[in-house]
Every structure is written in structure tokens, then in C-alpha cells.
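Residue-level listing of the chains:
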Amino acid sequence: MKILVINAGSSSLKYQLIDMDNEQVIAKGICEEIGGKSKFKFKVPGREDYKTETAMPTHAEALQLVLDTLVDPKLGVIKSVDEIGAVGHRVLHGGEKLSGSVLVTEEVKAIIDECRDLGPLHNPANLKGIVECEKIMKVPQVAVFDTGFHGTMPDYAYMYALPYEYYEKYKIRRYGFHGTSHRYVSGRAAAMLGKKPEEINVVTCHLGNGASVSAVKNGKCFDTSMGVTPLEGIMMGTRCGNIDPAIIPYLMRKGEVTTADDIDKMMNKKSGMLGISGFTSDNQEIEKGAKEGNERCKLIENMYCHQLTKLVGGYTACMGGTDAIVFTGGIGENNPKYRTYVCEKLAFLGVKIDEEKNHVRGEEIIISTPDSKIAVMVIPTNEELVIARDTLEIVNSLKK
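Residues numbered from 1 in each chain as written. Predicted model: local features only at pLDDT ≥ 70, side-chain atom pairs only at ≥ 80, totals over all residues. Heavy atoms only, no water.

Undergrad: Tell me about the overall build of the chain, residues and numbers included.
TA: Looking only at helices and strands, the chain features 15 helices and 14 strands. By the compact-globule yardstick of 21 Å for 400 residues, the chain fits well, its C-alpha radius of gyration being 21 Å. Taken along the three principal axes of its C-alpha coordinates, the chain extends 60 × 55 × 45 Å. Among the 400 residues that make up the chain, the fraction classed as buried is 50%. The long-range fraction of contacts in the chain, counting pairs at least 24 apart against all pairs at least 6 apart in sequence, stands at 61%. Here the chain has roughly 18900 Å² of accessible surface; of this, 50% comes from carbon and sulfur atoms. (Helix = DSSP H or I, 4+ residues; strand = E, 2+ residues; numbered from the N terminus. Rg over C-alpha atoms; globule rule 2.2 N^0.38 Å. Buried < 20%, exposed > 50% of the residue type's maximum accessible area, 1.4 Å probe, protein only. Contact = heavy atoms within 4.5 Å. Areas by Shrake-Rupley, 256 points an atom, 1.4 Å probe, with all protein chains shown as cover.)

Undergrad: How would you explain unusual backbone geometry if you had to name every residue and give the values?
TA: Even without a glycine there, the phi angle at E23 is positive, about 60 degrees. Position of E23 among the secondary structure elements: in the loop between β2 (13-19) and β3 (24-32). Its identity as a non-glycine residue notwithstanding, N218 has a phi of 55 degrees, on the positive side. Within the fold, N218 resides in the loop between β10 (211-217) and β11 (220-224).

Undergrad: Got a sec to walk through the nonpolar core? Specific residues and values, please.
TA: Counting 39 residues, the largest nonpolar core has C205, L207, Y304, L308, V312, I325 and F327 as the members making the most contacts within it. For this core, the secondary structure elements donating two or more residues are β9 (201-207), β10, α10 (283-291), α11 (295-318), β12 (324-328), α13 (336-345) and β14 (375-378). Residue contributions to this core peak at eight residues, all from α11. Residues V5, A189, V202 and I387 belong to the second largest nonpolar core, which totals 25 residues. (Core = buried A, V, L, I, M, F, W, Y, C linked by side-chain atoms within 4.5 Å.)

Undergrad: If you had to explain the sheet that holds β12 to someone new, which residues and values would you point to?
TA: Strand order in the open sheet made by the six strands is β11-β10-β9-β12-β14-β13, with mixed pairing throughout. What marks the edges here is a single partner per strand, and that holds for β11 and β13 (365-366). Across four bridges, the pairing between β10 and β11 is antiparallel. Note on β11: the bridge partner recorded for V216 is C221. Along the sheet, helix α6 (residues 179-192) makes contact with β9, β10, β12, β13 and β14, crossing β9 at roughly 135 degrees. (Pairing = 2+ DSSP bridges. Axes fitted to C-alpha atoms, helices over the stretch in contact; angles between N-to-C directions.)

Undergrad: Any chance you could break down the pairing of strand β6 (residues 84-91) for me, citing the residues and the numbers?
TA: Extensive coverage of β6 is indicated by the burial of six of its eight residues. Here strand β1 (residues 2-8) runs beside β6; their pairing, made up of five bridges, is parallel. Note on β6: the bridge partner recorded for I3 is A86. The pairing of β6 with strand β8 (residues 141-145) spans five bridges and is classified as parallel. When the sheet's bridge partners are listed, G88 is paired in β8 with V142.

Undergrad: Describe the pattern of salt bridges, and please don't skip the residues or the numbers.
TA: Under the counting rule described, the total for this entry stands at 21 salt bridges. With a closest N to O distance of 3.7 Å, K41 and E32 form a salt bridge. On the basis of relative accessibility, which here comes to 29%, the residue K41 falls in the partly exposed class. Connected through shared salt-bridge partners, R90, D146 and E383 make up one network. (Salt bridge = Lys/Arg side-chain N within 4 Å of Asp/Glu carboxyl O.)

Undergrad: Before we move on, could you go through the sheet that holds strand β4 (residues 39-43) and cite the residues and values that matter?
TA: The strand order β5-β4-β3-β2-β1-β6-β8-β7 describes an open sheet built from eight strands, whose pairing is mixed. The open sheet terminates on both sides in strands that have one partner only, identified here as β5 (50-53) and β7 (102-103). Both β2 and β3 contribute to a ladder of seven bridges, which runs antiparallel. Residue L17 lies in a different strand from β3, and its bridge partner there is A27. Against the sheet, helix α15 (residues 383-399) engages β1, β2, β6, β7 and β8, with an angle of about 125 degrees to β6.

Undergrad: Just give me the short version of the packing of aromatic side chains, but keep the residues and values in it.
TA: Aromatic ring pairs: the centre-centre distance and the angle between the two ring planes describe each pair. Within this structure, the stated rule accounts for nine aromatic pairs. Where Y158 meets Y167, the ring centres are 6.5 Å apart and the plane angle is 40 degrees; that geometry is what we call tilted. Assigned by exposure class, Y158 and Y167 land together as buried. Three or more aromatic residues joined by ring pairs make a cluster, and in this case those are Y15, F40, F42 and Y50. Sitting over the face of the ring of Y158, R173 holds its NZ or CZ atom 3.6 Å from the ring centroid. Taking NZ or CZ as reference, K217 lies 5.1 Å from the ring centre of F222, over its face. (Phe/Tyr/Trp six-rings, centres within 6.5 Å; stacked < 30°, edge-to-face > 60°. Lys NZ or Arg CZ within 6 Å of the ring centre and 35° of its normal.)

Right, here's the structure in full:
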């Protein structure tokens, strides 16, 4: 079966067509700046990338363009859209009602819409992608939630010490995100150690423009750094991560922020690496700046690694030890310096890395030495494959 994986953003639509007989990507790409000066990218392994600018007023036109290109006589990779057996959608937030991957129904769509307050930037766009696919394609649609993998956390890990009525009324609690990534790399880590996921503990570090760390105990999420929204945890590209909440009323009294929207924008769009550096949220530029002596870039690197070390060490302690530490995501897979910093700080736990192996970027490899008490790994993530696998499993269950 061929499965189309869709990740609809507010003004973008990422896609992958995967042949589940061999789990190979047939084609992938992105529609960008939907509603503006739209750009379309189409990539097929072994071919030169196809790029064009064309009008895409809404997600409907973007999706139609994707399907038309997939079957195009010159550019396409399939003869008919009928070859696509199902569509798997990445959805940010399922709240407490939807903690696993599910077949899309009217009830499921209603719950996704209910959770728009918990994921205002993502859920409406994710739902839009589902609705447009339903209009054009008469095949099963499956929703796979970023929060899903973290549904196994115990209450003492996901509750906040706020008045309990806020949990009862608004379900304010830790949900966690990047679930498909943490699930994929923790499973790969077990396989690389010759174990089943339920036989080991793993600390997984998904480090990119958005970043989160998870404690995966016996194959299930035990704790994770992101919270009600993807804002909590380690500092990120433009997100502040953990701060003293009293900073917000303080800044309001100073007149720096006045409305909820001001606060949201400041913490989500103007903070993190961008806020400290003053010029970029791109970690590659931060690396370059630090090498050239930029003091703020050096500060960012030290802040980032310090925060990351606290999370990795803390989760290791909470699980009573870990068998592996995994680095993934754009930064995790491509920044040897950060990996070295964290592992050197954890040397007291018996962590040892092979610096020659650690110089790898974007490859799946064990970078710890044979005598290291904890395996350290670099594992490129594959969230789309997790979505496709869940979609296939659900579709196959419908046939029984």
C-alpha cells in the first residue's frame, strides 16, 4: 500500500508518499507561503528536485497541486491517485481525549477543533488539511498526534502545582510533543542494542528549532520536557523554554507587554536563540558566530548545553538509570560540540564517547566507546514513517 503523509501548517503543506511494502519514500516536498507568493517543491530520490512558484490561495489548491504532480506524466511517480490507499495526518494536539492514532471521524475532527486553544498555531491548520483531503480523496484518513506517545506519563509527571480545579475545568497538564520522533528513535535505540523497547530505558533528545527531551522507560514515555504547549522545556530557536512565570506580570507592570497576544508572541517568536543573539534563530549561524568570537553566541551555546545536561541527567535519575542517550533532530544529529559537552558532564555516570565517531553528522551511529556504561547514539528521526506505519495498521484493522 502507498500512503500519503500530510503535515499541514498555517501557510504550508509538507507531504511524503511512502510505499509501505518496503517503507521507502517515493516522493516528498512542501507547499510554502500558501495564500501569498506560493512556492512548490517536489523531490524524488535519484532525480533533480522540481521547484516552481504558482498560485495556491488555500490548502485546497496546494493539495490538488501535490496530487496532480504525483500523477504527472513527466514528473509523477504513480499512474493514478487511486494507488494511494490512505492518508496519515500529523496533528499537534489531541488533549486527553485523543492520546493515540485514530481513524478520522466527525467526532475526531470535533475534538481536534476543541483543542485549538491548546494548539492555536497548529490544530486549525492540521484540521484544514484533513478536511481538504476528505473532499478530494475518498480513502481512510488517520490522525497521528504529536502528544500521543506521551499519554503514558504518570500523573505525578504530568500535573502542575496549580489549583486542581484548573485541571478539572481546562485540562491544564503536561502533554508533551514530538511524540512520533521520540517514539521512533527510542525504538531504533533498542534495536541497535539488540533489545526490545520494553527491555531498556532511553533518554531521547529531539533538538531542532523546536526541542524537547523525553524519558522513555521500558518503551513508554515516563516524562517529557514540553508542557501544555510546545513552549516549555529547553530554550529553542525562538521559544524561551522554562522561565520564572513571575517575569510575565513584572514585564506587564513595566509596560513591555500588555496583552495575552503580546506575551504569547514575545515568548514564542522573539525569545530563545533569537532573543539572546539579537539576529538569528539558526543554530548553524550561532555556531559560526561563537567560533568568530561573538559573546552572545557563546552564551547561547553554554545556556543550551547546560539546560540540556540538566534534563538528561534529571531524567536518568528519575528512571533509576538509563541504557542509552539519543540525539536526534537538526541540531542533535549535526552538532558534535553539544553532544561532547553533555557527555563530558555525565562522565561520572560512566558515559564515554569516541570523539572520532562523534564527528558524524546526520548518520545513525553509536558514538560511545565499548566500555561506556551508557550507550550514546545519533539517530536521524523519521516522524513521517511512524505516521505511515500507524496509518497502515489502522487501515488494515478496518479490513478484518
